[in-house]
Amino acid sequence: CKHLSRYDYFGMGGITPRVYPHAMAEQIRFDKSLGIEGCYIEVYTFLPNTAPMIWAFAKMQWDGKQDVDRLLGEFYADMFGPAKGTMKQYFDLLERSWNTPREGRKGWVHRNLRNQALAMSPDDVDEGFRLLRRASREAATDLQKQRIETLRAALQFGSYPIKAYAMSNSLVKLDINSEATAQKALDQIEQMGRMAREREAFWADAQKRNDLLGETVRGLGDMGYM
């Protein structure tokens with residue numbers, strides 16, 4: 001063959017963080033070593049979570065020898081100013097969490113809500129919120145703060161299935177053998193109900209947002225991924 005390319009999927013409609021820039025960069029370097037010219041990518045991805053990776057991918061399509069960490073650092077500096085260090089920690093957290101194997105997660109995330117729910121742990125979600133709050137305090141301009149707020153809302157959007165699955169799994173495994181454990185089960189059920197009501201309202205409002213989150217939700221919805 002005189003011309004080779006790879007066909008890949010970077011998003012598959014997943015609403016929880018699925019971030020892996022270093023695996024992406026390794027793939028491009030490997031492809032280029034074999035004479036593959038580039039990739040055709042179905043980027044049906046949740047862009048607030050993956051924008052740095054997608055931007056670095058576009059750059060490396062032209063020159064696969066570039067350092068992905070340098071490219072990501074450029075993105076964080078230009079987008080978030082003095083909050084760049086904390087935002088690097090945030091996206092590193094998303095990548096590390098995605099690369100952590102979890103029981104029950106196998107196969108594609110496409111229309112598989114359980115696999116999407118296992119993309120992160122609830123503790124990692126909470127750490128993500130903490131880092132974004134710190135980054136917002138460090139940001140120097142309103143635009144930088146708005147960008148961080150969009151990412152915070154995107155993390156909240158995906159946090160509902162992550163936390164609901166973990167709570168449901170805990171409830172299933174709970175040994176109800178006393179009044180105290182029965183009360184614990186009832187408390188968890190009530191908490192899940194409150195979270196479900198909050199999720200319904202938040203997801204509906206997200207579709208109306210005039211930012212990257214709103215555009216992403218509407219776009220994936222129009223394509224039938226939501």
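Refer to the structure above for everything that follows.
What you see is a predicted model; the values in this text were computed from it and never measured.

### Focus on the side chain of T86
Summarising the element assignment, T86 is placed in helix α4 (residues 84-98). Beyond its immediate chain neighbours, meaning those up to four positions away, T86 contacts L131, R134, A135 and E138.

### Remarks on the pairing of strand β1 (residues 5-9)
One ladder, built from five bridges, connects β1 with strand β2 (residues 38-42); its direction is parallel. Within the sheet, the bridge partner assigned to D8 lies in β2 and is I41. For the crossover that starts at β1, traverses helix α1 (residues 21-33) and ends in the parallel β2, the hand is right-handed.

### Here we look at the environment of S136
Secondary-structure assignment places S136 in helix α6 (residues 122-138). With 53 residues separating them along the chain, S136 and A83 place their C-alpha atoms 7.3 Å apart. Not counting chain neighbours up to four residues away, the residues in contact with S136 comprise K145 and I148.

### Side note on the side chain of Q116
By secondary structure assignment, the location of Q116 is in helix α5 (residues 113-117). By relative accessible area, which is 6% here, Q116 ends up buried. A polar side-chain atom of Q116 sits 3.0 Å from the main-chain carbonyl oxygen of V109. The contact partners of Q116, leaving out residues within four places of it in the chain, are G13, G14, I15, T16, V109, R111 and I162.

### A few points about the pattern of salt bridges
One pass over the structure, following the stated rule, counts 11 salt bridges. Across the salt bridge formed by R152 and E149, the nearest N and O atoms sit 2.9 Å from each other. Taken together, the positions of R152 and E149, both in helix α7 (residues 142-173) and three residues apart, correspond to about one turn of that helix. Among the ionic pairs, R218 bridges to E215, the shortest N-O distance being 3.4 Å. On the criterion of helical spacing, the pair formed by R218 and E215 is a turn pair, its members being three residues apart in helix α9 (residues 212-222). Linked through salt bridges whose partners overlap, the residues forming this network are E149, R152, R209 and D211.

The rules behind these values
Residues numbered from 1 in each chain as written. Predicted model: local features only at pLDDT ≥ 70, side-chain atom pairs only at ≥ 80, totals over all residues. Heavy atoms only, no water. Helix = DSSP H or I, 4+ residues; strand = E, 2+ residues; numbered from the N terminus. Contact = heavy atoms within 4.5 Å. Pairing = 2+ DSSP bridges. Right-handed = clockwise from strand over helix to strand, strands pointing away. Buried < 20%, exposed > 50% of the residue type's maximum accessible area, 1.4 Å probe, protein only. Polar contact = N/O pair within 3.5 Å; in protein donor to acceptor, adjacent residues only side chain to side chain. Salt bridge = Lys/Arg side-chain N within 4 Å of Asp/Glu carboxyl O.

None of this, on its own, says anything about what the molecule does.
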